[in-house]
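Observations on the model geometry
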Amino acid sequence: MRHLFLKTGRAVTVGVTGPPGVGKSTLSSVLVRKVRSLGKSVGVISVDPSSPFSNGALLGDRIRLTEHFTDKDVFIRSMASRGHLGGLAGATADAVLLMDAFGKDVIIIETVGVGQSEIEIADLAQTTVVVLQPGSGDSVQVLKAGILEVADIFVLNKSDHPMANQLRREIRSMMEMLDFSGWVPELVSTQALSAAGTDDLWKAIEKHRAYLESSGEMAHKRREAFTHQVRQLALGRLERRLQFELRSEVMAGIDPYAAAERVLAAFGMQGGEDDNGAVRRPKARASAKGLH
Ligand SMILES: Nc1nc2c(ncn2[C@@H]2O[C@H](COP(=O)(O)OP(=O)(O)OP(=O)(O)O)[C@@H](O)[C@H]2O)c(=O)[nH]1
Ligand SMILES: [Mg+2]
C-alpha cells in the first residue's frame with residue numbers, strides 16, 4: 001500500500017447496499033455491463049457478511065456475474081467479512097485502493113446493509129446506492145436504521161412488482177421528513193433482471209459525482225476517508241497493545257483508577273495529561289489569588 005497509494009484517487013467508487021435479496025448483485029452485474037459499454041474498466045468487490053461456506057451468496061454472485069468472467073477489464077473479488085485482520089472495513093478499504101491503483105475506472109462495492117458496519121462501508125464509496133424492493137417490510141426497517149441518511153441514490157428494484165408504487169410513496173414521505181442541504185437523493189426505478197432502468201441509474205451516479213466535484217464535497221470525502229482509514233489502522237494497533245497491557249498482574253490489588261494510570265503509563269501517558277496529550281499546567285498563582 002505504501003508503494004501504491006500515490007497512484008490512487010482516480011476511480012469512481014459506488015457502494016451498492018440494501019437488505020438481503022433485493023437484487024444488489026443482479027444490479028451490479030447490469031451496471032458492469034453499462035460501464036463496459038462506455039469503454040471503462042470496472043472492479044467489483046462483493047462483501048459477504050457471513051462465512052463463505054455458510055450460504056450460497058458467493059456462489060450466487062459468481063453465477064450472476066458470469067457474463068463478465070472472460071472480460072479482462074472486469075475484476076471481481078468476493079470477500080468474507082469474518083477472519084480479516086483489522087476487520088471488514090479495513091480489508092475492503094484496501095481492496096478499493098488496490099483496484100484504484102490498478103487503474104479500474106469504476107469500482108462497485110456490494111454489501112448487505114442493515115447495521116453500523118455497513119454504514120461505515122458506505123463511507124468508503126463516493127456514491128452510496130441504497131437498493132430496496134417492494135412488498136417487504138424490511139425496506140422500512142432499513143430506512144429507520146439510519147441508512148436513509150447515507151443514501152445518495154435510492155434504487156427501487158423489482159419495479160415490476162405490484163407494490164412498487166407503495167414503496168415509492170414510502171421513500172418519498174421518509175425523505176420529506178429529512179432536511180437535505182445540498183444533494184437531495186435521487187430515486188431511480190429498476191428491473192435488474194431485464195436491465196431496465198440501468199441507464200437512469202448510471203445517469204444519477206454521474207450527476208452525483210458532478211455535484212461532489214462542483215461543491216467541493218469530493219475533496220472533503222477523500223480527506224474523511226483517509227482520516228477514517230488511518231484511525232482504523234491506529235485503533236487496531238492500540239487495541240491489541242491495550243489487550244496486552246490489561247494483564248491481571250499489572251492490575252492486581254489496586255483500584256481501577258490506579259490501574260488505568262499504570263496501563264496508560266505503558267503508552268507513555270502520565271497522570272494529569274490532557275486528552276490531546278498536552279500536559280496540564282497548574283493555574284498561575286496570581287490569577288488564583290485574584291479569584292479568591
Ligand atoms: N422480479 C424481479 N426479480 C429480480 C430483479 N432483480 C433481481 N431479482 C431476483 O432477486 C433475487 C435476488 O437477487 P440478487 O441479485 O442475488 O440479490 P442480492 O441483493 O445481491 O442478494 P444478497 O447478496 O444475497 O443479499 C434473484 O433471484 C434475482 O433474479 C427484478 O428487477 N425483478
Ligand atoms: Mg448479492
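In this text the structure is predicted, and so the values were computed from the model without any measurement. (Residues numbered from 1 in each chain as written. Chains lettered and ligands numbered in written order. Predicted model: local features only at pLDDT ≥ 70, side-chain atom pairs only at ≥ 80, totals over all residues. Heavy atoms only, no water.)

Examining the overall build of the protein chain
When helices and strands are counted, the protein chain shows 11 helices and 7 strands. Burial status across the protein chain gives 40% buried among its 292 residues. A separation threshold of at least 6 residues defines the contact pool for the protein chain, and within that pool the share at least 24 residues apart is 76%. Surface exposure of the protein chain reaches about 16,700 Å², of which carbon and sulfur atoms provide 55%. (Helix = DSSP H or I, 4+ residues; strand = E, 2+ residues; numbered from the N terminus. Buried < 20%, exposed > 50% of the residue type's maximum accessible area, 1.4 Å probe, protein only. Contact = heavy atoms within 4.5 Å. Areas by Shrake-Rupley, 256 points an atom, 1.4 Å probe, with all protein chains shown as cover.)

Quick word on helix α8 (residues 217–245)
The end-to-end C-alpha separation of α8 is 41 Å, in line with the 42 Å expected for 29 residues at 1.5 Å each. Turning to α8, its buried residues are M218, Q229 and E245. (Expected span 1.5 Å × (residues − 1).)

Observations regarding the pattern of salt bridges
Counting across every chain of the model gives 9 salt bridges. Between K207 and E186 there is a salt bridge; the shortest N-O distance is 2.7 Å. Here K207 is found in helix α7 (residues 198–215), whereas its partner E186 is found in strand β7 (residues 186–189), with 21 residues between them in sequence. Look at K207 and you get partly exposed, because its relative accessible area is 46%. Each member of the salt-bridge network shares a partner with another, and the members are R36, D71, K72 and D73. (Salt bridge = Lys/Arg side-chain N within 4 Å of Asp/Glu carboxyl O.)

Quick notes on the confidence of the model for the protein chain
Per-residue confidence for the protein chain gives a mean pLDDT of 82; residues scoring 70 or more make up 77%. This stretch, residues 51–57, has a pLDDT under 50; its non-local contacts, to residues over four places away or in other chains, come to 5 contacts. Low pLDDT, under 50, characterises residues 284–292; the predicted model gives this stretch 0 contacts beyond four residues in sequence or across chains. (pLDDT = per-residue confidence, 0-100.)

Points about the packing of aromatic side chains
One pass over the full model with this rule turns up 2 aromatic pairs. For the pair F5 and F226, a centre-to-centre distance of 5.5 Å together with 55° between the ring planes defines the contact as tilted. Taken as a pair, F5 in the segment before β1 (12–18) and F226 in helix α8 lie far apart in primary sequence, 221 residues in all. Plain terms: the ring middles of W183 and Y211 are 5.5 Å apart, the flat faces sit at 40° to each other, and that makes the pair tilted. Of this pair, W183 sits in the loop between α6 (164–176) and β7 while Y211 sits in helix α7, and the two are 28 residues apart along the sequence. Across this residue pair, the class does not change: W183 and Y211 are buried. Across the ring face of F267, the terminal group of R241 is positioned such that the distance to the ring centre comes to 4.9 Å. One Lys or Arg, R247, reaches over the ring of F244 and ends 4.4 Å from the middle of that ring. (Phe/Tyr/Trp six-rings, centres within 6.5 Å; stacked < 30°, edge-to-face > 60°. Lys NZ or Arg CZ within 6 Å of the ring centre and 35° of its normal.)

A few points about the coordination of the magnesium ion (ligand 2)
Note on metal geometry: ideal angles are 109.5 degrees for four donors arranged tetrahedrally and 90 or 180 degrees for six donors arranged octahedrally. Those donors, S25 (OG) and E110 (OE), are the protein atoms that reach the magnesium ion (ligand 2), and they lie 2.1 to 2.3 Å from it. Residue S25 is found in helix α1 (residues 24–37), and its partner E110 is found in strand β4 (residues 106–112); the two are separated by 85 residues along the sequence. Summarising the burial analysis for this pair, S25 and E110 share the class buried. (Donors = N, O, S within 2.8 Å, 3.2 Å for Na, K, Ca; no water.)

Considerations on the packing of α7 against α8
The relative placement of two packed helices comes down to the angle between their axes together with the axis-to-axis distance. Running from amino to carboxyl end, α7 crosses α8 at an angle of 90°, the nearest separation of the two axes being 5 Å. In terms of orientation, α7 lies roughly perpendicular with respect to α8. Contacts between α7 and α8 involve R209, Y211, L212, E213 and S215 from the former and E217, M218, K221 and R222 from the latter. (Axes fitted to C-alpha atoms, helices over the stretch in contact; angles between N-to-C directions. Parallel < 35°, antiparallel > 145°, perpendicular 65-115°, else oblique.)

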